[in-house]
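Structural overview
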Amino acid sequence: QVQLVESGGGLVQAGDSLRLSCTASGRTFSIYAMGWFRQAPGKERDFVTAISWSGARTYYADSVKDRFTISRDNAKNTVYLQMNSLKPEDTAVYYCAATRRNTNYLVHNDYDYWGQGTQVTVSS
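The present account deals with the structure reproduced in this document. (Residues numbered from 1 in each chain as written. Predicted model: local features only at pLDDT ≥ 70, side-chain atom pairs only at ≥ 80, totals over all residues. Heavy atoms only, no water.)

For the chain, the helix and strand inventory stands at zero helices and 11 strands. Listing each helix as α and each strand as β along the chain from the N terminus yields β-β-β-β-β-β-β-β-β-β-β. Considered along the principal axes of its C-alpha atoms, the chain spans approximately 40 × 25 × 25 Å. Residue burial in the chain is summarised as follows: out of 124 residues, 41% are buried. In the chain, 56% of the contacts between residues at least 6 apart in sequence involve partners at least 24 apart. Within the structure as shown, the chain displays about 6,500 Å² of accessible surface, and the carbon and sulfur contribution to it stands at 44%. The chain carries 13 positive and 11 negative side-chain charges, and their two centres are separated by 6 Å. (Helix = DSSP H or I, 4+ residues; strand = E, 2+ residues; numbered from the N terminus. Buried < 20%, exposed > 50% of the residue type's maximum accessible area, 1.4 Å probe, protein only. Contact = heavy atoms within 4.5 Å. Areas by Shrake-Rupley, 256 points an atom, 1.4 Å probe, with all protein chains shown as cover. Lys, Arg positive; Asp, Glu negative; His and termini not counted. Charge placed at Lys NZ, Arg CZ, Asp CG, Glu CD.)

Counted by the stated rule, this structure contains five salt bridges. A salt bridge links Arg38 to Asp90; the shortest N-O distance between them is 2.9 Å. Taken together, the residues span a long stretch of sequence, with Arg38 in strand 4 (residues 33–39) and Asp90 in the loop between strand 8 (78–83) and strand 9 (92–99) at a distance of 52 residues. Note on accessibility: Arg38 and Asp90 belong to one class, buried. Linking Asp112 and Arg101 is a salt bridge whose minimum nitrogen-to-oxygen distance equals 2.8 Å. With a gap of 11 residues between them, Asp112 in the loop between strand 9 and strand 10 (113–114) and Arg101 in the loop between strand 9 and strand 10 connect regions that are remote in the sequence. Taking the relative accessible area as the measure of exposure, Asp112 reaches 23% and is therefore partly exposed. Each of Arg38, Arg67 and Asp90 takes part in salt bridges that share partners, so that together they form one network. (Salt bridge = Lys/Arg side-chain N within 4 Å of Asp/Glu carboxyl O.)

What follows concerns unusual backbone geometry. Even without being a glycine, Asn77 presents a positive backbone phi close to 55°. Overall, Asn77 belongs to the partly exposed group, its relative accessible area being 22%. Notably, Ser85 is not glycine yet its phi reads approximately 50°, a positive angle.

So this is what it looks like as structure tokens:
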């Protein structure tokens, strides 16, 4: 129904910045909100941020709210994650996700579509 493709990950040093992109295709008209999760090896998948497709509401995990910014370009069916002041603890695979309905945005099981993930590695 909906396909998500992430890009923009890479290897950076602490304090550097990265911008991740997630482009949706397929039945994109059905998307209600999009978000980002991350998962480090051996750890659970954690909520990072989410945005309603209208752009009216954004949500951030406390660990990133002063450093990360989520935005979207509806015309391009793309959501972005601007990550500044990166820390080694930000190292993880970052996943883009989308939901067809209003959900508990903190819970990954409540999302309907997922991208393949993009690796972000921050060296100290």
